Amino acid sequence: MINDTFTDPCLASAEELTRAFAQGRLSPVEATQAALARAEAINPRLNAFTIIDHDGARAAAEASAQRWRDSAALSPIDGVTMTVKDLVLCGLDIRYGSA
């Protein structure tokens, strides 16, 4: 069941997020800021991330937000935050899961 009254973007589904993006109730920038804050908050305990690309994430979110405003989203999940295994990143240090 879709809950369009979520208060924490980090707990919303991709469908909930993109519906909110399309309706202008939430922007990819806001969702990304929430995801970055959550990652920073939990990473000291979980050690899940070796690199968090704040600048790249924010730039991608801003570009996505503009596309949503222009009704030109690249895909149905444009702007939904995700994590990527560092073995496949281009342009960032590859640490193979090690800090």
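A quick note: this is a predicted structure, and the numbers were derived from the prediction, not measured.

(A) Structural detail: helix α1 (residues 14-23). The complete set of buried residues in α1 reads Glu16, Leu17, Thr18, Ala20 and Phe21. Contacts from the buried residues of α1 go to α2 (28-46) and α3 (54-69).

(B) Looking closely at the side chain of serine 64. As for its placement among the helices and strands, serine 64 is situated in helix α3. Of the polar contacts made by the side chain of serine 64, one reaches the side chain of aspartate 78; its length is 3.0 Å. Apart from residues lying up to four places away in sequence, serine 64 is in contact with Pro28, Asp78 and Gly79.

(C) Quick peek at the nonpolar core. Core analysis: the largest hydrophobic core is formed by 8 residues, namely Phe6, Ala12, Leu17, Ala20, Phe21, Leu26, Ala31 and Trp68. If you tally residues by element for this core, the top one is α1, at 3 residues. Excluding anything up to four places from it in sequence, leucine 17 contacts Phe6, Pro9, Ala12, Leu26, Ala31 and Val80.

(D) Looking closely at the pattern of salt bridges. Following the criterion strictly, the structure yields 2 salt bridges and no others. Between glutamate 15 and arginine 19 there is a salt bridge, with its nearest N and O atoms 3.5 Å apart. Taken together, the residues span about one helical turn, with glutamate 15 and arginine 19 both in helix α1 at a distance of 4 residues. On the basis of relative accessible area, glutamate 15 is assigned to the partly exposed category, the value being 44%. Note on arginine 19: relative accessible area 29%, which makes it partly exposed. Residue aspartate 78 is joined to arginine 67 by a salt bridge in which the shortest nitrogen-to-oxygen separation is 2.8 Å.

(E) Molecular detail of α2. The end-to-end C-alpha distance of α2, which contains 19 residues, comes to 25 Å, matching closely the 27 Å that a straight helix rising 1.5 Å per residue would cover. At glutamate 40, α2 shows its maximal kink, close to 25 degrees; a proline, proline 44, follows between one and four residues later. Along α2, the residues classified as buried are Pro28, Ala31, Thr32, Leu36, Ala39 and Asn43.

What counts and how
- Residues numbered from 1 in each chain as written.
- Predicted model: local features only at pLDDT ≥ 70, side-chain atom pairs only at ≥ 80, totals over all residues.
- Heavy atoms only, no water.
- Buried < 20%, exposed > 50% of the residue type's maximum accessible area, 1.4 Å probe, protein only.
- Helix = DSSP H or I, 4+ residues; strand = E, 2+ residues; numbered from the N terminus.
- Contact = heavy atoms within 4.5 Å.
- Polar contact = N/O pair within 3.5 Å; in protein donor to acceptor, adjacent residues only side chain to side chain.
- Core = buried A, V, L, I, M, F, W, Y, C linked by side-chain atoms within 4.5 Å.
- Salt bridge = Lys/Arg side-chain N within 4 Å of Asp/Glu carboxyl O.
- Expected span 1.5 Å × (residues − 1).
- Bend = angle between axes of the 7 residues up to and from the residue.

Shape is all these values report; function is a separate question.
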